[in-house]
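So you can see what is in the structure, the chains are spelled out below.
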Amino acid sequence: LLSGAVGSGTSLASAQEGAARSGVLQDLRGRFAVVTGASRGIGKGIAIGLAEAGAIVFVTGRDAAKVAATAELATKAGGQGIAPP
């Protein structure tokens, strides 16, 4: 979804700004998304971007604490972030 906005070495903030500017994300309220590798980097940025568009985002990754933090950020961004127990 954000592939056009995220390039090699792109920061999380600039990826999100690029997606917002390009109109890549639409209104995703009531839609579900699953993001793997959401504990850091591009996966984290995608999860937060989807949440900003209103999606319910299930996040996974290798570091449970970082995944939980991403889920919390997704919820604060306007969607609903859900991390596995």
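By convention here, each chain's residues receive numbers from 1 onward along its written sequence. Local features in this predicted model are restricted to residues whose pLDDT is 70 or higher, and side-chain atom pairs enter the listing and the counts only when it is 80 or higher, whereas totals over whole chains, interfaces and linings include all residues. To get the side-chain values, all heavy atoms of the structure are used, and hydrogens and water are removed first.

**Student:** Looking at this structure, how should I read helix α3 (residues 64–76)?
**Tutor:** Along an α-helix, a turn takes 3.6 residues, which lines up residues three or four apart on a common side. The numbering of helices and of strands both runs from the N terminus, where a helix is a DSSP run of H or I of at least 4 residues and a strand a run of E of at least 2. Residue count minus one, scaled by 1.5 Å, sets the expected span of a helix. For α3, which comprises 13 residues, the first-to-last C-alpha distance of 18 Å matches the rise-based estimate of 18 Å (1.5 Å per residue) to within 8%. A contact between two residues is defined here by any heavy atoms of the two lying within 4.5 Å. Where α3 is buried, its residues meet α2 (41–52), β2 (56–59) and β3 (80–82). Here a polar contact means two N or O atoms within 3.5 Å. Within protein one must be a hydrogen donor candidate and the other an acceptor candidate, and residues neighboring in sequence count only if both atoms are side-chain atoms. Its side-chain oxygen 3.1 Å from the backbone nitrogen of Ala-65, Asp-63 forms the N-cap of α3. Just beyond α3, the residue with positive phi is Gly-78, at close to 120 degrees.

**Student:** Explanation requested: the sheet that holds β3 in the structure shown.
**Tutor:** By way of backbone hydrogen bonds, the strands of a sheet pair with one another, either parallel or antiparallel. For two strands to be treated as a pair, DSSP must find at least two bridges joining them. Spatial ordering of the open sheet is given by β1-β2-β3, a layout of 3 strands whose pairing is parallel. Where the open sheet ends on each side, the last strands, each with one partner, are β1 (32–35) and β3. Strand-to-strand, the axes of this sheet are offset by a mean angle of 20 degrees, without reference to chain direction. Looking at chain direction, β2 and β3 are connected through 3 bridges and run parallel. Paired with Val-57 across the two strands is Gly-81, which belongs to β3. Fitted lines through C-alpha atoms give the axes, limited to the stretch in contact for helices. The angle between two N-to-C directions lies from 0 to 180 degrees.

**Student:** Sorry, what's going on with the pattern of salt bridges here?
**Tutor:** Here the idea is simple: oppositely charged side chains can pair when their charged atoms come close. Every case where a carboxyl oxygen of Asp or Glu lies within 4 Å of a side-chain nitrogen of Lys or Arg is listed as a salt bridge. Applying the stated rule across the entire model yields 2 salt bridges. Between Arg-29 and Asp-27 there is a salt bridge, with the nearest N and O atoms lying 2.5 Å from each other. Each residue gets one of three labels from its accessible area relative to the maximum for its type: buried under 20%, exposed over 50%, partly exposed in between, using a 1.4 Å probe on protein chains only. Residue classification places Asp-27 among the partly exposed residues on the basis of a relative accessible area of 49%. Residue Glu-72 pairs with Lys-76 through a salt bridge whose shortest N-O separation is 3.2 Å. Placement of both Glu-72 and Lys-76 in helix α3 is noted, with a separation of 4 residues, approximately one turn of the helix.

In short, shape yes, function no, at least from these values alone.
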